[in-house]
Amino acid sequence: MISLIKTMSKVRRAGPTVWQGTAHASNKFFKGYKPKTEQEPESSEAQPSVPGDTNPEGKRGNTGNPGNSRYPLPGHKTAASVPSFSDQRAKWSKYSAEMQLKAKLAAQGGVKPDQGVVGVGVGVGVGVGVRPSMGPTPGQSNWKQQQQSMQNKAERDNETKGSSAEDQRKSWMNRMHGSQKIQAQLLKELSAKQQAGRDLQLKKMQQVSKASAAATAASVGPNKSAADPQEPEEQAKSPERMAYLEAVRRLNIFHSFEPVLGRMRSKMSKAQVDPFIEHTLELLHKMGVSKEQLESIPVIQVAGSKGKGTTCGIVQNILTAHGIKTGLLCSPHLMYSYERIRINGEPLSEAQFTELIHKIYPELADMDPTPAHSQILTAMAFRAFRDANVDVAIVEVGRGGASDSANITLHAKTIGISTLGWEQGSNLSESMRDIAWAKGAIMKPAATIFTNVSQPECCEVLAQKAKQMGAKLYRVPTFNALTEANPSHKRFLTKANHSVKLNASLATQLAYDYLRRHKPEIVVGLNLDLDPKCTQLTQAAMRGLETFESVGHFDIVKHDMYNVYLDTADSVESMMVCREWFYTLTRSHRATKILLYNKTSDSNAKDLLTILRFNVNFDEAHFVPCPNFSEGEILPDEEWHVMEEMQRAKRNARTWRGLCEQDGKKDTSQTSASVNAFFEHVQAKYGDQKFGMKSEFDVLVTGSRPLVAATITMLNKMRGFPG
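Structure report, in brief. The structure displayed is predicted, hence computed values, not measured ones.

This next bit is on the overall build of the chain. When its secondary structure is counted, the chain shows 20 helices and 16 strands. Here the chain holds 723 residues, and 37% of them are scored as buried. Across the chain, contacts joining residues at least 24 apart in sequence account for 76% of those joining residues at least 6 apart. Summed over its atoms, the accessible surface of the chain is roughly 42,400 Å², and 54% of this surface lies on carbon and sulfur atoms.

Before going further, it helps to spend a moment on the packing of aromatic side chains. Summed over the entire model, instances satisfying the criterion amount to 17 aromatic pairs. On the numbers, 5.1 Å between centres and 70 degrees between planes, the contact of Phe678 with Phe679 is edge-to-face. A relative accessible area of 4% means that Phe679 is categorised as buried. An aromatic cluster is defined as three or more aromatic residues linked by ring pairs; in this entry it consists of Phe554, Tyr565, Trp581, Phe582, Tyr597, Phe618, Phe623 and Trp656. Seen from the ring of Tyr361, Arg250 lies directly overhead, with NZ or CZ sitting 5.1 Å from the centre. Over the face of the ring belonging to Trp656 we find Arg613, whose NZ or CZ atom lies 5.1 Å from the ring centre.

Of all hydrophobic cores here, the largest spans 66 residues; its most connected members are Ile341, Phe353, Met380 and Phe385. No other element matches helix H9 (residues 373-388), which puts nine residues into this core. Excluding anything up to four places from it in sequence, Ile341 contacts Leu328, Leu329, Glu346, Pro347, Leu348, Phe353, Leu377, Met380, Ala381, Ala384 and Phe385. Residues Ile318, Ile324, Cys330 and Phe450 belong to the second largest nonpolar core, which totals 36 residues.

The next point concerns the side chain of Asn652. The residue Asn652 is located in helix H18 (residues 639-663) in this model. Given the relative accessible area of 3%, Asn652 is considered buried. Contacts of Asn652, omitting those with residues within four sequence positions, involve Tyr597, Ala605, Leu609 and Phe623.

This paragraph deals with helix H17 (residues 605-613). Taken as a whole, H17 has its buried residues at Ala605, Leu608, Leu609, Ile611, Leu612 and Arg613. Positive phi shows up at Asn615, right after H17, with a value of about 65 degrees.

Among the secondary structure elements, Tyr583 is positioned in helix H16 (residues 572-586). Here the alpha-carbon distance between Tyr583 and Asn615, two residues 32 residues apart in the chain, equals 7.6 Å. Leave out the neighbours within four places in its chain, and Tyr583 touches Asn615 and Val616.

Further remarks concern the sheet that holds strand E9 (residues 555-559). Ordered in space as E9-E10-E16-E11-E12-E15, the six strands form an open sheet in which the pairing is mixed. Looking at which strands have only one partner, the edges of the open sheet turn out to be E9 and strand E15 (669-671). Each adjacent strand pair in this sheet contributes to an overall mean axis angle of 20 degrees, direction not counted. With five bridges joining them, strand E10 (residues 562-566) and strand E16 (residues 697-702) adopt parallel strand pairing. Note that in E16 the partner of Tyr562 across the bridge is Phe697. Contacts from helix H20 (residues 705-719) reach E9, E10, strand E11 (592-597) and E16, with the element oriented near 150 degrees to E10.

On to helix H7 (residues 308-321). With 14 residues, H7 extends 20 Å from end C-alpha to end C-alpha; this agrees with the ideal 20 Å at 1.5 Å per step. Buried residues dominate H7, accounting for eleven of its 14 residues. Taken as a whole, H7 has its buried residues at Lys308, Thr310, Thr311, Cys312, Gly313, Ile314, Val315, Gln316, Asn317, Ile318 and Leu319. Where H7 is buried, its residues meet strand E1 (299-303), strand E2 (326-329), strand E3 (341-343), strand E5 (392-396), helix H14 (498-518) and helix H15 (539-546). Once H7 finishes, Gly323 follows within two positions and takes phi at roughly 90 degrees, a positive value.

The tally for this structure, following the rule as stated, stands at 16 salt bridges. Among the ionic pairs, Arg648 bridges to Glu645, the shortest N-O distance being 2.9 Å. Of the two residues, Arg648 and Glu645 both sit in helix H18, three residues apart, roughly one turn of that helix. For the pair Arg648 and Glu645, a shared accessibility class is recorded, and that class is buried. A network of salt bridges, in which partner residues are shared, links Arg241, Glu350 and Glu633.

Attention now goes to the pairing of E11. The buried count for E11 comes to five of six residues, which makes it a mostly enclosed element. Sheet topology note: the E11/E16 ladder contains six bridges and is parallel. When the sheet's bridge partners are listed, Lys593 is paired in E16 with Asp698. With four bridges connecting them, E11 and strand E12 (residues 620-623) associate as parallel partners.

With that settled, the discussion passes to unusual backbone geometry. Of note, the bond from Ser331 into Pro332 is cis; its omega dihedral lies within 30 degrees of zero at -5 degrees. Among the secondary structure elements, Pro332 is positioned in the loop between E2 and E3. At the junction of Asp368 and Pro369, the peptide bond is cis and its omega measures out at 0 degrees in the coordinates. Along the chain, Pro369 turns up in the loop between helix H8 (350-360) and H9. With a phi angle near 55 degrees, Asn344 is a residue other than glycine that sits in the positive phi range. Note on placement: Asn344 falls in the loop between E3 and strand E4 (346-347). Phi is positive for Asp560, which is not a glycine, with a value near 55 degrees. In this fold, Asp560 is placed in the loop between E9 and E10. Residue class for Asp560 comes out partly exposed when judged on its relative accessible area of 49%.

Let's shift gears to the packing of H8 against H9. Between H8 and H9, the least distance of the axes is 10 Å, while the angle of their chain directions is 115 degrees. Taken as axis vectors, H8 and H9 run roughly perpendicular relative to one another. The two elements H8 and H9 meet at a crossing, and its hand is right-handed. Contacts between H8 and H9 involve Phe353, Leu356, Ile357, Lys359 and Ile360 from the first element and Ile376, Leu377, Ala379, Met380, Arg383, Ala384 and Asp387 from the second.

Looking now at the side chain of Ser571. For Ser571, the position within the fold is in the loop between E10 and H16. A polar side-chain atom of Ser571 sits 2.7 Å from a polar atom in the side chain of Lys306. What Ser571 contacts, discounting residues up to four positions off in sequence, is Lys306, Trp422 and Leu608.

Working note: a packed helix pair is described by the angle between its axes plus the distance between those axes. Contact geometry of H7 with H15 gives a least axis separation of 8 Å together with a crossing angle of 135 degrees. The angle between H7 and H15 places the two elements in the oblique class. The two elements H7 and H15 meet at a crossing, and its hand is right-handed. Across the interface between the two elements, Ile314, Asn317, Ile318 and Ala321 of H7 pack against Ala540, Ala541, Arg543, Gly544 and Leu545 of H15. Its residues assigned to classes, the contact of H7 with H15 shows six nonpolar, two polar and one charged.

Cut-off values and rules
Residues numbered from 1 in each chain as written. Predicted model: local features only at pLDDT ≥ 70, side-chain atom pairs only at ≥ 80, totals over all residues. Heavy atoms only, no water. Helix = DSSP H or I, 4+ residues; strand = E, 2+ residues; numbered from the N terminus. Buried < 20%, exposed > 50% of the residue type's maximum accessible area, 1.4 Å probe, protein only. Contact = heavy atoms within 4.5 Å. Areas by Shrake-Rupley, 256 points an atom, 1.4 Å probe, with all protein chains shown as cover. Phe/Tyr/Trp six-rings, centres within 6.5 Å; stacked < 30°, edge-to-face > 60°. Lys NZ or Arg CZ within 6 Å of the ring centre and 35° of its normal. Core = buried A, V, L, I, M, F, W, Y, C linked by side-chain atoms within 4.5 Å. Pairing = 2+ DSSP bridges. Axes fitted to C-alpha atoms, helices over the stretch in contact; angles between N-to-C directions. Expected span 1.5 Å × (residues − 1). Salt bridge = Lys/Arg side-chain N within 4 Å of Asp/Glu carboxyl O. Parallel < 35°, antiparallel > 145°, perpendicular 65-115°, else oblique. Left-handed = near helix turned anticlockwise from the far one by under 90°. Polar contact = N/O pair within 3.5 Å; in protein donor to acceptor, adjacent residues only side chain to side chain. Nonpolar A, V, L, I, M, F, W, Y, C, P; charged D, E, K, R; others polar.

Dropping the structure here:
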């Protein structure tokens, strides 16, 4: 039993002994202790004595240590286990000072790095002496050569540092010239490929035309003689029509002289007149209309972004219904150029329009600079107004605002500003405030301004402009207020054309203001002097609203199985109104809905198509090239232009396909070669129906004026109406 206890005590003592030795070894490692070996020379520095050390000579033996010499027992301290911190600091300070001095001398070229240095004893110890130099050794020579090469390299770097930027610029220029040459070569190859494709397409079209001509000749047969009366494919044009087309062709040449519209950067004073306006007045004087004759005609001006042409048309109808002889100048036209100038609601005839062009054309050669297309039309219109002795001229001011040629009537006292928004081809640097200021620049001193603008920032700008010019600005009542104030006409007003709902209130106030100024006996019972914003409608005003027709704007044409909805929307705001109008009228129909779309440019194409898809499920969406429509005719176009427009139609179809994929719906896009091909496709697909089972189709035609005009022409031919 006693032997067993002794054995266990020995075993229990082994664990702490090993642990103490391991901790002691780790302590020596982290304290920087380095035991001496036989290869290390004896240090000349005296080791400091530690109190309690039994071996002052530093020898490790069993003397004074009852435990293991390598792993002492717990509680027993040796000289090495408690190092002196002052010795460690002195040691590292010495090494650090020596290293710093060696580096300093090496930089000066005094000594090589491994040479002895003058003693730098810190704390304790004796300095090491410098060995006398006996000449350069091979190691010292190599070291000096390295130092010299490094200095030479530094000098070269300093020399090339200034020229590196110039070298980089030259290198960049060389790369740019190379890339430009490559790009020019690629463009040249691409144009050559496009030309080859056009030539190939032209050959194919010629082959197809020859084959169709041969088939037509074979279908006639030998029994029919050539003398048999054949129905002419196209009616012969009269001399008046030919003269009109030639005059319009000459007039259209001056489109290239139109000024480029940009952001309004300067604000002109009241007395300052725009040079473009002065040039138009000079042209008007050459037409035989003096400034006194111009100022003798009362003028109603309408500016804005959307609805200004419709507003002018409604004002014309209301005043004509009151017995006022009116003249109207508006732009652009939908079907014919002579539609821009109207007398008492009727456009000029082709002969009258041709005569005006022949009168003004000889005067254009003497003018410098050459007049623009809009200036010529303005001069022609006021010459027609003077000859017709109109009571009032209703003028639509174009996108130029105060710099537009239609703003030559500086004596206008009744001015309207319609809805503001982004226009087709607007400058992206403009803001809504810029647009409001440009449109409000047509304000005249002591004039009455009416507007239906709804944006707060635009209203603020218009109010500032009116205050600056000394004019009175009124916000017209809404169409709902107009409807509620006339309960006897409520039935018609609720079913009125959408154009009337948007612009009737503004047009009514403009017509009433003219009557208040020049024919007060007609509106004596309306108290317009006390309340310029009158909501009561006279019988003549209601008659003018009922007889107003907006061709191509929120227009509906019904023929056979087609319910065709036409609108010339080409901007974001217009397309939103168009989609809402179509959705409101057709949401209760179960008929097939088809979209016919074209746009004359690629701007905002995806935005417009996204708006059209909102809440409207089109069963088919057809995209066609822009038709070459001119003066009521769809003309054949050049092959390269047809191919370019077809590529744009295909891009629109791909955009529609992408929108369908985003919504997870079936792709309904199709591409048609023309408007005629579209109607042939619909007739072939849906026309063969049983009697009494024929269903209707809701077709929305929108995106561009040429598309709407070509569709109207095609529908008139289908209905048997003269072109």
